Each structure stands twice: as structure tokens, then as C-alpha cells.
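Tertiary structure, described
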Amino acid sequence: SGSPRLLEVLKTDSVDVEQNRRSIVMCRDAGIEVQGSFILGTPGETSADLEATYRFAEESRLDVCKIYVLTPYPATTESFEAESLCFVSVDMDWSLLNFDFYRNWERHIILNDSMSRLEIRSWYLRFQRLVKRRELGRLVQKASLRSVFTRVRNPAKLLNDAKVVTGKLVGMFQ
């Protein structure tokens, strides 16, 4: 998370935003690819928390970034909370939780009572656009570097790279 308040709740003072920023810089300086995963929809998380997290993800320029919506998997703190709210039960078919939030956001169990399902979906889509832009940027950079060194001699391969990038651009905005 990029929210100091939420990190304090989730990590009980074991890490803070500035420590995460320094870790990213140290990894980059050492030539290590930096990956980050963000879970949206934590109980008590607000739009202000998500805005801080979004800014953190954007400013950090992570090499790989993954976005998830909190899911109350069995034997987790979240599953016990979901059970107390009668969202899940011990004898339920837990495979019902194994679905893609992007496609099935209306069925996803939401434990956050600070934001509506639509607000969480809106944030999820905003984060996904950030992820897609980042992936596209990496693809363009790789295609450009390859073009400089090898593709100039082979226009067909350069055209193929351009088609891949164009396909990614189209997919990003659908």
C-alpha cells in the first residue's frame, strides 16, 4: 500500500511507505527487477488510501505490477470476518471464490464497508490501466531496443513488432 495509515493497520508498524521507496531504489541500483502487488478492498480502506497507493505505484515505476481485490480465502483473517458477516461458511463451495474480479466483479465478496462495490471496481479499473500502460511501455522499449540493433536489417520483423505494440494499445482501451 502507498497509504501510511493502511500500512500501519496491515503491517503493524513493520514497514512504511518510505522504507518501500528506499527498497525499490536499492533494488534498481543493484540491477534487480522490481515487482509489486497491490490488494484493493481491505476493510476500512478509503478512496484517500487508494489514491495514495495509486500515486505510490505510479511514482515507483515498478517493472511488474499486479492488482488484486481482497478475497476471503479459507483460514485467513478475512475468511473469519466474512464468515461472521454470513458471506461465507465452512461448508460452502470455496471454488466460488476462484474467479476473475474483472469479469465477475458483481459476485465478488467485498469486506470493505468504506466504499461501494462500484467504487472498488472503478479503482480496480484505474489500477489496471496503470498496469497496462506500464506493460506497454516495457514492450515498446524492448521493441525499440531490438529495432536499433537487429530489426533495421529486417523490415518484416520490425513490422511484426509494430503490430504487437498496436494490438496491445487496442487491448488496453477496450
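Residues numbered from 1 in each chain as written. Predicted model: local features only at pLDDT ≥ 70, side-chain atom pairs only at ≥ 80, totals over all residues. Heavy atoms only, no water.

Moving on to the packing of aromatic side chains. In this structure the tally under the stated criterion is 5 aromatic pairs. For the ring pair Phe38 and Phe127, a centre distance of 6.4 Å and an interplane angle of 40° mean the geometry is tilted. Of this pair, Phe38 sits in strand E1 (residues 35-40) while Phe127 sits in helix H6 (residues 117-149); the two residues are 89 residues apart in sequence, bridging distant segments of the chain. Arranged with centres 4.8 Å apart and planes meeting at 70°, the rings of Phe101 and Tyr124 form a pair that is edge-to-face. Taken together, the residues span a long stretch of sequence, with Phe101 in helix H5 (residues 101-104) and Tyr124 in helix H6 at a distance of 23 residues. Residue classification places Phe101 among the buried residues on the basis of a relative accessible area of 5%. These aromatic residues form a ring-pair network of at least three members: Phe38, Tyr54, Phe56, Trp123 and Phe127. The cationic tip of Arg126 hangs over the ring face of Tyr54; the distance from NZ or CZ to the ring centre is 4.0 Å. (Phe/Tyr/Trp six-rings, centres within 6.5 Å; stacked < 30°, edge-to-face > 60°. Helix = DSSP H or I, 4+ residues; strand = E, 2+ residues; numbered from the N terminus. Buried < 20%, exposed > 50% of the residue type's maximum accessible area, 1.4 Å probe, protein only. Lys NZ or Arg CZ within 6 Å of the ring centre and 35° of its normal.)

To continue, consider unusual backbone geometry. For residues that are not glycine, phi is negative in most cases, and the peptide bond is trans in most cases. Unlike most non-glycine residues, Arg61 shows phi in positive territory, near 50°. Residue placement: Arg61 occurs in the loop between helix H3 (47-60) and strand E2 (64-69). A relative accessible area of 60% means that Arg61 is categorised as exposed.

Moving on: the pattern of salt bridges. The full count for this structure, using the stated rule, is 6 salt bridges. Ionic pairing is found between Asp49 and Arg5, a salt bridge with its closest N-O pair at 2.3 Å. One end of the pair, Asp49, is in helix H3; the other, Arg5, is in helix H1 (residues 4-11), with 44 residues separating them in the sequence. Taking the relative accessible area as the measure of exposure, Asp49 reaches 4% and is therefore buried. The partly exposed category is assigned to Arg5, whose relative accessible area is 41%. The shortest N-O distance in the salt bridge between Arg126 and Glu51 comes to 2.9 Å. Of this pair, Arg126 sits in helix H6 while Glu51 sits in helix H3, and the two are 75 residues apart along the sequence. Residue classification places Arg126 among the partly exposed residues on the basis of a relative accessible area of 26%. A cluster of three or more residues bridged by salt bridges with shared partners is formed by Glu18, Arg21 and Glu59. (Salt bridge = Lys/Arg side-chain N within 4 Å of Asp/Glu carboxyl O.)

On to the nonpolar core, then. By size, the foremost hydrophobic cluster in this structure holds 24 residues, and its most contacted members are Phe38, Leu40, Ile67, Phe101, Trp123 and Phe127. Of all the elements in the fold, those that place two or more residues in this core are helix H2 (17-29), E1, H3, E2 and H6. Here this core gets 6 residues from one element, more than from any other, and that element is H6. Each residue touching Trp123, except ones within four places of it in the same chain, is listed here: Leu40, Ser47, Leu50, Glu51, Tyr54 and Met115. (Core = buried A, V, L, I, M, F, W, Y, C linked by side-chain atoms within 4.5 Å. Contact = heavy atoms within 4.5 Å.)

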